[in-house]
Amino acid sequence: MDQLSISGGSLAIAFAVILLLFIGLIVMMRNVYKSRTEKGIAGEYTEDAEKNSSYIENRAKYERVDVFGLSSTFFNFGLALAVGLSLLAFAWTQYEAEIVIPEGALELDEEIEMEPPRTAEPPPPPPPPPPPVIEEVPEEELIEEDPPEFEDTSIDEETIIKEAPPEVKEDKAPPPPPPPPPPPPAPEVEEIFKVVEQMPLFPGCDDLGSYAEKKQCADKKMLEFIYGNIKYPAIARENGVEGMAVVSFVVEKDGSVTDAKVVRNPGAKTGEEALRVVNLMNEKGIKWTPGKQGGRNVRVQFNLPVKFQLE
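Reading the values: the criteria
- Residues numbered from 1 in each chain as written.
- Predicted model: local features only at pLDDT ≥ 70, side-chain atom pairs only at ≥ 80, totals over all residues.
- Heavy atoms only, no water.
- UniProt positions renumbered as here; feature names shortened; annotations may be inferred.
- Disulfide = S-S within 2.5 Å.
- Helix = DSSP H or I, 4+ residues; strand = E, 2+ residues; numbered from the N terminus.
- Phe/Tyr/Trp six-rings, centres within 6.5 Å; stacked < 30°, edge-to-face > 60°.
- Buried < 20%, exposed > 50% of the residue type's maximum accessible area, 1.4 Å probe, protein only.
- Expected span 1.5 Å × (residues − 1).
- Contact = heavy atoms within 4.5 Å.
- Pairing = 2+ DSSP bridges.
- Patch = residues over 30% accessible without salt bridge, like charges linked within 9 Å, V, L, I, M, F, W, Y side chains within 5 Å.
- Areas by Shrake-Rupley, 256 points an atom, 1.4 Å probe, with all protein chains shown as cover.
- Salt bridge = Lys/Arg side-chain N within 4 Å of Asp/Glu carboxyl O.

Under an unreviewed UniProt entry, the name given to the chain is TonB C-terminal domain-containing protein, and the source organism is Neolewinella marina. In the Subcellular location (unreviewed entry) part of its UniProt record, the chain is described as follows: "Cell inner membrane". Within the UniProt record for the chain, the comment given under Sequence similarities (unreviewed entry) is "Belongs to the TonB family."

Below is the structure:
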């Protein structure tokens, strides 16, 4: 009993066979009793009924057509059927799908050439000044002026001095408006690290002891998640496309995955499929253990290789 195991497909086939046998038995017994009923109505069993003088022996109008005559047989058949179905139910074993992880799944063939993560976009350079306009200056003609005439400004006692009229002061122009305030400073974007003291870890291994054990376990669980959800693109399978796609993403301080993008794509929808599986982490609410630098959580860039191999 302990060694008896049946897969889901075999169990479905067994149930289908039992159901067909059960339906066939019902149809067969229905035809048998229908035939006996027609014979009883025709008077074939009249003599047998007259011979039975006892009430107990003649409790049915047509004893040979009595449907309760095979009740014990049907009871035993139902009991055997129930026991058989119970054995099948206990023997049903659901096997987990085998996840094939290629060798060296986390090894990159060569260093990925990509721009370092920018913490902030630099401001655009100022436009160059316009070139100076050179204008030709015409030669000025020197005009000789007459010498100024000398005016006698001396006064004596008989000279009448008239008071000059008061000067009319013109209204002063309003002061210029104050300059506009400077624009607010751009929000500071925290630095994104590529290598830190403790790299981010896939969840599920927090109960282990050392960091090395946690990392080994986390890498295994991450590969099981990636290759357990990956679906080889049909166009790549039909054209025999193989290769390694690389997806770059940032593990935030709260463990979420952001800024996922394909940095290497073998083609035929393989890179898009790898990107879909990485974004599936956020859809399923998977939170990484964030990376640490100097004892605090930091943002870390992670490059994930995904190998596509045809079996």
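(A) Quick look at the state of the cysteines. A complete count under the given rule lists one disulfide for this structure. Linked covalently through their sulfurs, C205 and C217 form a disulfide whose S-S length is 2.0 Å. Classification of the bridge connecting C205 and C217 rests on its S-S torsion, roughly -70°, and on that basis the disulfide is left-handed. With C205 in the loop between β1 (192–193) and α4 (211–229) and C217 in helix α4, the pair connects residues that are 12 residues apart, well separated along the chain.

(B) Main features of the packing of aromatic side chains. With the rule as written, the count across this model stands at six aromatic pairs. Between the aromatic rings of F202 and F225, the centroid separation amounts to 5.8 Å while the plane-to-plane angle is 40°, which identifies the pairing as tilted. With F202 in the loop between β1 and α4 and F225 in helix α4, this residue pair connects regions lying 23 residues apart in the sequence. Aromatic side chains F202 and W288 sit 5.6 Å apart centroid to centroid with 80° between the ring planes, which places their arrangement in the edge-to-face category. With F202 in the loop between β1 and α4 and W288 in the loop between α6 (270–283) and β4 (291–293), the pair connects residues that are 86 residues apart, well separated along the chain. With respect to class, F202 is no different from W288; both count as buried. Members of the aromatic cluster, joined through ring pairs, are F202, F225, F249, W288 and F302.

(C) Local environment of α4. In this model α4 runs 27 Å from its N-terminal to its C-terminal C-alpha over 19 residues, within 8% of the 27 Å that 1.5 Å per residue would give. Buried within α4 are the following residues: A218, D219, M222, L223, F225, I226 and Y227. Each element contacted by the buried residues of α4 is listed here: α6 and β5 (296–308).

(D) The pairing of strand β2 (residues 243–251), seen in detail. Of all nine residues in β2, eight are buried, a share of seventy percent or more. Pairing analysis gives five bridges linking β2 to strand β3 (residues 257–264), with the strands arranged antiparallel. Across the sheet, the residue bridging to S248 is K261, located in β3. Connecting β2 to the antiparallel partner β3 that follows it, the hairpin turn spans five residues, and G255 within it adopts a positive phi of roughly 90°.

(E) Representation of a nonpolar patch on the surface in the model. On the surface, F75, L79, V83 and L87 cluster together to form a nonpolar patch covering roughly 400 Å² of accessible area. Mapped onto the elements, L79 comes out in helix α3 (residues 71–91).

(F) Spatial organisation of unusual backbone geometry. Notably, D259 is not glycine yet its phi reads approximately 55°, a positive angle. Positionally, D259 belongs in strand β3. At A268, a position not held by glycine, the phi torsion is positive, near 60°.

(G) View of the environment of Q198. The topology assignment puts Q198 in the loop between β1 and α4. By relative accessible area, Q198 is classed as partly exposed at 35%. With 14 residues separating them along the chain, Q198 and A212 place their C-alpha atoms 9.9 Å apart.

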